Amino acid sequence: MQPTFSSSRILQPVRPWFILISLLVALVLNFLPTTAWPWLPDWVALVIVFWSIHEPRRVGMGSGFILGLAMDVADSSLMGQHALAYVLASYAATALSRRIMWFPLGQQALHILPLLLVVQLVQFGVRAMPGVQMPGLSYFIGPFAGALLWLPMTFILLLPQYQPVERDANRPI
């Protein structure tokens, strides 16, 4: 299912509009009023990490910064809280992208978990500086849910890139 470096499956190039749509869908999912459900992951962080690993030249720290500012405005949180967390996650994902791609999906999820935990820790650290009280341990359940969702999300986001299995005699590739 997942083409890793050891896979013989060739992917078509990703279309920029698909990356944009997936980032906007993640942003809309984060805009939903789901603060009472701590087991939902930070969708924007998950999609930024995914595209930073699979397409590091197209999605990077700039995308993380812009989406982070949008999340800061939408959450009415400290300006730069999400932006800093997303930029750090994007940088780490880009730096580790070649290493992560060598592993099967289950082990990739284990590499993604610390990245998502860093996002939560940075957001908590920025929130704690002005003296906001501790949100509780349920605040850190989201990254574990994000790691569990890595497999279906990878399949869904890479689905448009798969070449058709049947070969056409009129196409050279």
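Refer to the structure printed above.
Bear in mind that the values here come from a model prediction, so they are computed numbers and not experimental data. (Residues numbered from 1 in each chain as written. Predicted model: local features only at pLDDT ≥ 70, side-chain atom pairs only at ≥ 80, totals over all residues. Heavy atoms only, no water.)

Once that is clear, we can look at the overall build of the protein chain. Assigned secondary structure in the protein chain consists of eight helices and zero strands. Helices and strands appear in the protein chain in the N-to-C order α-α-α-α-α-α-α-α. When burial is assessed residue by residue, the protein chain has 42% of its 173 residues classed as buried. In the protein chain, once contacts between residues fewer than 6 apart in sequence are set aside, the share between residues at least 24 apart is 70%. About 9,900 Å² of surface is accessible on the protein chain, with carbon and sulfur atoms providing 70% of the total. (Helix = DSSP H or I, 4+ residues; strand = E, 2+ residues; numbered from the N terminus. Buried < 20%, exposed > 50% of the residue type's maximum accessible area, 1.4 Å probe, protein only. Contact = heavy atoms within 4.5 Å. Areas by Shrake-Rupley, 256 points an atom, 1.4 Å probe, with all protein chains shown as cover.)

Here the focus is the nonpolar core. Counting residues in hydrophobic clusters, the biggest one holds 36 residues, and the most contacted among them are Leu23, Val44, Val49, Trp51, Ile53, Ile112 and Trp150. Residue assignment for this core shows that the elements contributing at least two residues are α1 (16-31), α2 (43-54), α3 (61-75), α4 (81-95), α5 (97-101), α6 (105-128) and α8 (150-158). At nine residues, the largest contribution of residues to this core is made by α2. Once you skip the residues sitting within four places of it in the chain, tryptophan 51 turns out to touch Val14, Phe18, Ile19, Ser22, Leu23, Pro56, Val59, Leu157 and Gln161. (Core = buried A, V, L, I, M, F, W, Y, C linked by side-chain atoms within 4.5 Å.)

Moving on to unusual backbone geometry. Positive phi, close to 55°, is recorded for serine 76, a residue that is not glycine. Residue position: serine 76 is located in the loop between α3 and α4. According to the relative accessible area criterion, serine 76 is exposed, its value standing at 67%.

Attention shifts here to the environment of glycine 80. On the secondary structure map, glycine 80 appears in the loop between α3 and α4. Taking the C-alpha atoms as reference points, glycine 80 and valine 126, separated by 46 residues in sequence, lie 8.8 Å from one another. In contact with glycine 80, not counting residues within four places along its chain, are Leu69 and Asp72.

Inspection of the secondary structure assignment puts histidine 111 in helix α6. Setting aside residues up to four positions removed in sequence, histidine 111 forms contacts with Arg99, Ile100 and Phe103.

A contiguous nonpolar patch, built from Trp17, Ile21, Val25, Leu29 and Leu32 and spanning about 460 Å² of accessible area, is present on the exposed surface. With respect to the secondary-structure elements, tryptophan 17 resides in helix α1. (Patch = residues over 30% accessible without salt bridge, like charges linked within 9 Å, V, L, I, M, F, W, Y side chains within 5 Å. Salt bridge = Lys/Arg side-chain N within 4 Å of Asp/Glu carboxyl O.)

Per the counting criterion, the structure on display carries seven aromatic pairs. One aromatic cluster in this structure is built from Trp17, Phe18, Phe50, Trp51 and Trp150. (Phe/Tyr/Trp six-rings, centres within 6.5 Å; stacked < 30°, edge-to-face > 60°.)

Next up on the list: α3. Look at α3: 20 Å from first C-alpha to last across 15 residues, which is about the 21 Å you get at 1.5 Å a residue. Those residues of α3 that are buried are in contact with α1, α2 and α4. Note on α3: the residue one or two positions beyond its end, serine 76, has a positive phi of about 55°. (Expected span 1.5 Å × (residues − 1).)

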